[in-house]
Amino acid sequence: MSSKILILGSGVIGLAIAVELQLRGAQVTLVGRDINGAATNAAAGMLAPGAEQIPAGSMQDLCRRSLYLYPEWTRKIEESTGENSGYWCCGILAPVFKELENSKQNTKFVETYRGTSQTLEAGKQSDDSGYWLNKEAIHQYQPGLSTEVIGGWWYPEDGQVDNRALAKALLTYSHSLGIDIKEGVIVEGIQQRQGEVIGVQTNIGTLSAEHYVLAAGAWSNQILPLPVNPRKGQMLSLRVPESITELPLNRVLFGENIYIVPRRDRRIILGATSEDVGFTPGNTPVGIQNLLQQAIRLYPELKDYPIQELWWGFRPTTPDELPILGSSPCKNLTLATGHHRNGILLAPITAKLIADSIWEEKSDPLLSDFHFSRFLERSSTNIPMLTHPANFSPNSAVADRQNIQYLEDSLLKIAGKTFQSRLMTGTGKYRSIEEMQQSVIASGCEIVTVAVRRVQTNAPGHEGLAEALDWGKIWMLPNTAGCKTAEEAVRVARLGREMAKLLGQEDNNFVKLEVIPDPKYLLPDPIGTLQAAEQLVKEGFAVLPYINADPMLAKHLEEAGCATVMPLAAPIGSGQGLQTIANIKIIIENAQVPIVVDAGIGLPSEAAQAMELGADALLINSAIALAQNSPAMAQAMKLAANSGRIAYLAGRMPIQSHAIASSPVSGRINE
Ligand code: GLY
């Protein structure tokens, strides 16, 4: 228990932690640069774990716990200060537009977009927080919506707070509690000695304390090399004209790329863009135009409301868009940053959990999922003060990818989950479990596919799989290998989901779908695969179907809602290389989902070639497991996948029909 605590950051997160610690008896100093550019000021104050579609799992738990703290937390702040925070449990309505009605993908869209297995029929959402309102119900409930709205989700538990009023009240509360607040302070560096912070250098001199908290939002990475980057959001507010006596909106409207947040003081906040432009300040015509267009489309009456204010801010965003909470490599430094779109919502729970960990030395189990160490092997940021854990491999695929010095690359994203590595592997056919373990590590892969049937039957190499790999780091991709019919595959997929749960991957709904009646060439059955895929998508699975390289089938599967399509390069285990290259090219060209080339790759050159064509990822098992030195081949495949990816991004030179000299002719000395 340290009594003198210095908090770096004067946004709502820093203030909330400061108040919580001071109330528990600490002596808190808080320093901040300028609240005006911070996410706290820029936010709309939505409290929206439902409408924001936070995926089930620890982030959803964190958000919900925070939402449930809100009434009591704001009541205490309001009572102590006499200031209103604008907390309003008004619910959030997420209308859905007409174009979906006619789209053959409408069910799929609603399922994917709202993350549920419900159809457009009235009903409750699978996470229990949203209800579907049909056309009549939604227009009755919220008059004035666009006639294009054909229904929508109602999230009664969501709400809002007036973020600026909240920050002001927290500031008043902090002053009244005796917290020493220093605004206009720029942190220039953190002095460390032997794993401890001994002081913070600032423009007003060196400040020291017994314990430190980094809560500097989008600026955190100017203080410590954490993977937190600014994500700009532009916003504006309108005013309900005086001629309208009753407030026209009494709940938040959450549309596509727009939210409309009505305040009780007649302001209406419209937000927000999401731009990767660093700290570029200012509102832009296109940013504001988009917001206005979307807002007027959703709620046409707004078109005549006077504009009151335009502003922008910088969300603190990490690569996985989750916050960084808890301990750091320095024993007296705690991290509370990277809250991305959810800082206002997460303020009370962040304050509670961080105060528990500093003051009571009690670490809530939930914190472990938000620990900075999840980026250790992944972050492009080399955190110099870290001691590398035993399994840190500077040769990992990720480290190689970060050596891409001249290119920006996006992460591989499948069903909303992001991965750094574009190489997936398997567990079958290895000579020993040790060789499999070494190969998985050497491949740098983050996804390993496992045959559910083989685990069930304890087939050789599949005993002890739970312990053999670090399932905290490796995402399990259960596969339905051995299933001959759609029905069998659906059954085995369900078992696979349970298997992933047993390994601690509660939210893993991935399945690699294989329906293979043909024993000789192991060619997948297209009709059975499509039938099983449709059923599994309905049941909420992220389906990754293994198919022959058939562009039409790939399109049908994508339209059925599959998360990826996995065309084969050649028959499974054949090592024949890219036999289906012409069709794979077409599949890649037409796809909106990631394309994973699966099966048949025998050599790294083939792996590289598939990536050069624009495949998003590869799944390679036999070529690694059956190589004479499996870990070495795994490493070669990792390098090839990376190399192919870089080449794809770099763009190849045009092919010429004739030679063109490398040295220019101009400037040559004539003899
Ligand atoms: N919380 C909404 C946003 O960041 O835009």
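The rules behind each value
For every chain, the first residue of the written sequence is number 1, and numbering continues from 1 onward in sequence order. Only residues with pLDDT of 70 or above have their local features reported here, since the model is predicted, and side-chain atom pairs are shown and tallied only from 80 upward, although totals for entire chains, interfaces and linings are computed over all residues. Just so you know, side-chain values use all the structure's heavy atoms and leave hydrogens and water out. UniProt positions are given in the numbering used here, feature names are shortened, and annotations may be inferred rather than shown by experiment. What counts as a helix is a DSSP run of H or I of at least four residues, what counts as a strand is a run of E of at least two, and both are numbered from the N terminus. Under the scheme applied here, a residue whose accessible area is under 20% of the maximum for its type counts as buried, over 50% as exposed, and between as partly exposed, the area being computed with a 1.4 Å probe on protein chains only. The protein chains shown are the only cover counted for residues, whose accessible areas, like all others here, come from Shrake-Rupley with a 1.4 Å probe. Only heavy atoms matter for contacts: two residues are in contact if any of them lie within 4.5 Å across the pair. The nearness test applies per residue and asks whether one of its heavy atoms lies within 4 Å of the molecule or strand. Polar contact criterion, stated in full: a pair of N or O atoms within 3.5 Å, where within protein one must be able to donate a hydrogen and the other to accept it, and residues adjacent in sequence count only if both atoms are side-chain atoms. Ten residue types, Ala, Val, Leu, Ile, Met, Phe, Trp, Tyr, Cys and Pro, are classed as nonpolar, four, Asp, Glu, Lys and Arg, as charged, and the remainder, Gly among them, as polar. Ring pairs are drawn from Phe, Tyr and Trp, using the six-membered ring of Trp, whenever the two centres fall within 6.5 Å, and their geometry is named by plane angle: stacked under 30 degrees, edge-to-face over 60, tilted for the rest. When DSSP finds two or more bridges between two strands, those strands count as paired. For helices, the fitted line uses only the C-alpha atoms of the stretch in contact; every axis is such a line through C-alpha atoms, and the angle between N-to-C directions lies from 0 to 180 degrees. Only buried Ala, Val, Leu, Ile, Met, Phe, Trp, Tyr and Cys residues count toward a nonpolar core, and they belong to the same one when joined by side-chain atoms within 4.5 Å.

Taking an unreviewed UniProt entry as the reference, the protein is identified by name as Thiazole synthase belonging to Mastigocoleus testarum BC008. As its UniProt record puts it under Pathway (unreviewed entry), the protein is described as follows: "Cofactor biosynthesis; thiamine diphosphate biosynthesis." The UniProt entry for the protein carries the following text under Subcellular location (unreviewed entry): "Cytoplasm".

Caption draft 1: Structural view of the overall build of the protein. Scanning the protein from N- to C-terminus turns up 20 helices and 30 strands. Burial statistics for the protein: of 671 residues in total, 54% are counted as buried. By element, 51% of the accessible surface of the protein is carried by carbon and sulfur atoms, the whole surface being about 29,000 Å².

Caption draft 2: Region of interest: the UniProt feature "binding site: 1-deoxy-D-xylulose 5-phosphate" (unreviewed entry) in the protein. The sites that carry the UniProt feature "binding site: 1-deoxy-D-xylulose 5-phosphate" (unreviewed entry) are, in the present numbering, Gly573, Ala599, Gly600, Asn621 and Ser622. A maximum C-alpha distance of 9.2 Å places the annotated residues, which cover 50 residues in sequence, within one compact spot. Along the chain, alanine 599 falls in the loop between strand E29 (596–598) and helix H18 (604–612). For alanine 599, a relative accessible area of 10% puts it in the buried group. In this structure, glycine 600 sits in the loop between E29 and H18. In contact with glycine 600, not counting residues within four places along its chain, are Ala570, Pro571, Ser574, Gly575, Gln576, Gly577 and Glu606.

Caption draft 3: Quick look at the site of the ligand. Neighbouring residues of the ligand: Met46, Glu52, Tyr259, Ala272, Arg315 and Arg341. At 2.5 Å from an oxygen atom of the ligand is found a side-chain nitrogen or oxygen belonging to tyrosine 259. The backbone of arginine 341 places a nitrogen or oxygen atom 2.7 Å from a nitrogen atom of the ligand. Protein chains bury 88% of the 200 Å² of accessible surface belonging to the ligand in isolation. Residue composition of the shell around the ligand, grouped by class: three nonpolar, no polar and three charged.

Caption draft 4: Local environment of the packing of aromatic side chains. Counted by the stated rule, this structure contains 10 aromatic pairs. Ring centres of tryptophan 219 and phenylalanine 279 lie 5.0 Å apart, and the angle between their planes is 25 degrees; on these two criteria the pair is classed as stacked. Highlighted residues: tryptophan 219 in the loop between strand E13 (211–214) and strand E14 (229–239) and phenylalanine 279 in the loop between strand E17 (267–271) and helix H8 (285–298), separated in sequence by 60 residues. A residue is classified by how much of its surface remains accessible, and tryptophan 219, at 14% relative accessible area, is buried.

Caption draft 5: Expanded view of the sheet that holds strand E11 (residues 196–202). Sheet architecture is open: three strands sit in the order E10-E11-E12, paired in antiparallel fashion. Each edge of the open sheet carries a strand with a single partner, namely strand E10 (187–193) and strand E12 (205–207). Sheet twist, expressed as the mean angle between neighbouring strand axes with direction ignored, is 25 degrees. The sheet contact formed by E10 and E11 spans six bridges and is antiparallel. Pairing of glutamine 191 across the sheet is with glycine 199, part of E11.

Caption draft 6: Region of the structure containing the nonpolar core. In terms of nonpolar packing, the biggest core is built from 63 residues, with Val543, Ile601, Leu618, Ile620 and Met637 touching the most fellow members. If one sorts the elements of this core by residue count, helix H14 (residues 486–502) sits on top with seven residues. Discounting residues that sit within four places of it in the chain, isoleucine 601 has contacts with Ala569, Gly575, Gly577, Leu578, Glu606, Ala607, Ala610, Leu618, Ile620, Ala623 and Met637. Ala16, Ile17, Leu67 and Leu166 belong to the second largest nonpolar core, which has 47 residues in total.

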